[in-house]
Amino acid sequence: MSWMNIFGGSSSNVAKPNIPATTALQQQRLKQIDTLKSIFHSVTEVQRDVEYRVTFSVGTSTMFLNVNLPPQFPNEKPIVKVSPPVHHPWVSDQMVVTGCPALNMFYMHSSLGKAVQDVVREFSEHPPQLITQPTTGSQPSMPSSGIVGGYQPSSTYSFSGYQPQVTPFSSTGYGGVPNTNHMFPMTSTSGVTPVSSTQRNSPNSDEVPTCTSQEFPELNGLSLIELKELNDNKELLEEFVKSKLEPVKKLQVKKEDITKENELIARNNLSLQPKFEALKHSILTNHELQSSLTTEFAQRSQKQKYLSEIYSISSIHTNMELAAAEADQDSEAIADSFLNGEIKTDEFIQTYMEKRKLCHLRRAKEEKMRYLHTHF
């Protein structure tokens, strides 16, 4: 006795599950997933046929690309997200890759593996900047190189009886401002060199130049008082800018040259105005002539079409056939009148011969037209 018979069934009667046939879209979807797995061996399947994770390294950091496949993929482009959060031109604020051309122009015949490979290659050639997230509840650390709130730290190498010397302007005095020039040297991106603290605190600071400018060397020889006067007096500042600053002088000269050039062009355009008006009048006249000739051409074309239909070979053949039949009927009517004694013999012979002659002439022409109509 088999186990199947114990539970009231047989192996031949076991119902097989109905597996739906794979659609063309699902086949394309599986092919795209296979391209991803063939290029990246570190692919993790988060959700079957929906989400996959690619792990790769950039320098000493490990990064992940979460590849989300929409329901209509590959007709819809995939959504690739980056983790951990980074700064990169290809990545949006939501950590979605939006700058990859292969992903933006993705369609059914693209390769998902190659598109994701382009993102990994971009991150390898231009490493993104990781966004550091502060720990919740952490307190800001006290600066080790300065004094905050009158607190003076003791030296880590101090011993009993050692006291650091404090000068009135020392950066380690109580309530002082830490001197960090040795850690962060002051540089200038605008070509202006800052004044040292010795010059700033000197007794004649009003007479010492406050800055050294590479872009505007005219300001280098001015004292602080002169700079304040320029700042407070707009007329004096405008006069100084126009007369002293070389870039402004060059700009003014260039402006005057452009103005003169524009005046010459304007005068040349005005001198061409009579010629322009004459050509404009000629164009209007020719346009009116063209309109009248177009109307006349349309009328004559219509007349030519009407005459072509009337004097066509088929039309002439039909009319000639009708005229020959009409002449034949007239001759038959004359013969009947003669037999009935309505007309005399001389009149009969004359009229009958004319009608028969006309009838045979028209029949000959009708046969010729029929030949032409049939063969040409």
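Here, the structure is the one placed above.
Residues numbered from 1 in each chain as written. Predicted model: local features only at pLDDT ≥ 70, side-chain atom pairs only at ≥ 80, totals over all residues. Heavy atoms only, no water.

**Focus on the nonpolar core**
One finds Leu36, Leu65, Val82, Leu112, Val116 and Phe123 to be the most contacted residues of the largest nonpolar core, which totals 29 residues. Secondary-structure elements contributing two or more residues to this core are helix H2 (24-39), strand S2 (51-58), strand S3 (61-68), strand S4 (79-83) and helix H4 (112-125). Sorting elements by how many residues they give to this core places H4 first, with 6 residues. Every residue in contact with Leu112, bar those within four places of it in the chain, is listed here: Gln32, Thr35, Leu36, Val67, Leu69, Phe73, Pro78 and Phe106. Core analysis: the second largest hydrophobic core is formed by 5 residues, Leu227, Leu230, Phe240 and Leu245 among them. (Core = buried A, V, L, I, M, F, W, Y, C linked by side-chain atoms within 4.5 Å. Buried < 20%, exposed > 50% of the residue type's maximum accessible area, 1.4 Å probe, protein only. Helix = DSSP H or I, 4+ residues; strand = E, 2+ residues; numbered from the N terminus. Contact = heavy atoms within 4.5 Å.)

**Considerations on the pairing of S4**
Judged by which residues are buried, S4 turns out to be one-sided: Val80 and Val82 face inward and are buried, whereas Ile79, Lys81 and Ser83, on the alternate face, are not. Two elements, S3 and S4, share 5 bridges in a ladder whose sense is antiparallel. Each residue of the ladder has a partner; that of Asn66, found in S4, is Lys81. (Pairing = 2+ DSSP bridges.)

**Things to note about the packing of aromatic side chains**
For the coordinates displayed, the defined rule picks out 4 aromatic pairs. A ring pair is formed by Phe73 and Phe106, whose centres lie 5.6 Å apart and whose planes are at 15 degrees; its orientation type is stacked. Note that Phe73 is positioned in the loop between S3 and S4 and Phe106 in the loop between helix H3 (101-104) and H4, a separation of 33 residues in sequence. Judged by its relative accessible area of 0%, Phe73 is buried. With a centroid separation of 4.1 Å and an interplanar angle of 15 degrees, the aromatic rings of Phe338 and Phe348 are classed as stacked. Of this pair, Phe338 sits in helix H10 (residues 313-339) while Phe348 sits in helix H11 (residues 345-375), and the two are 10 residues apart along the sequence. Looking at Phe338, the relative accessible area reads 27%, which means it is partly exposed. (Phe/Tyr/Trp six-rings, centres within 6.5 Å; stacked < 30°, edge-to-face > 60°.)

**Points about the sheet that holds S2**
Spatially, the 4 strands line up as an open sheet ordered S1-S2-S3-S4, and their pairing is antiparallel. Edge positions in the sheet fall to strand S1 (43-47) and S4, since each has one partner strand and no second. On average, adjacent strands in this sheet sit at an angle of 25 degrees to one another, irrespective of strand direction. Along the sheet, H2 contacts S1 and S2; its crossing angle with S2, the most-contacted strand, is approximately 25 degrees. (Axes fitted to C-alpha atoms, helices over the stretch in contact; angles between N-to-C directions.)

**Remarks on the side chain of Ser331**
Within the secondary structure, Ser331 sits in helix H10. Looking at Ser331, the relative accessible area reads 0%, which means it is buried. Among residues more than four places away in sequence, those in contact with Ser331 are Tyr352, Lys355 and Arg356.

**Notes on the pairing of S1**
Sheet topology note: the S1/S2 ladder contains 4 bridges and is antiparallel. Bridge pairing in S2 links Val43 to Val54. In this structure, the hairpin formed by S1 and S2 is closed by a connection of 3 residues, where Asp49 is found at a positive phi of approximately 65 degrees.

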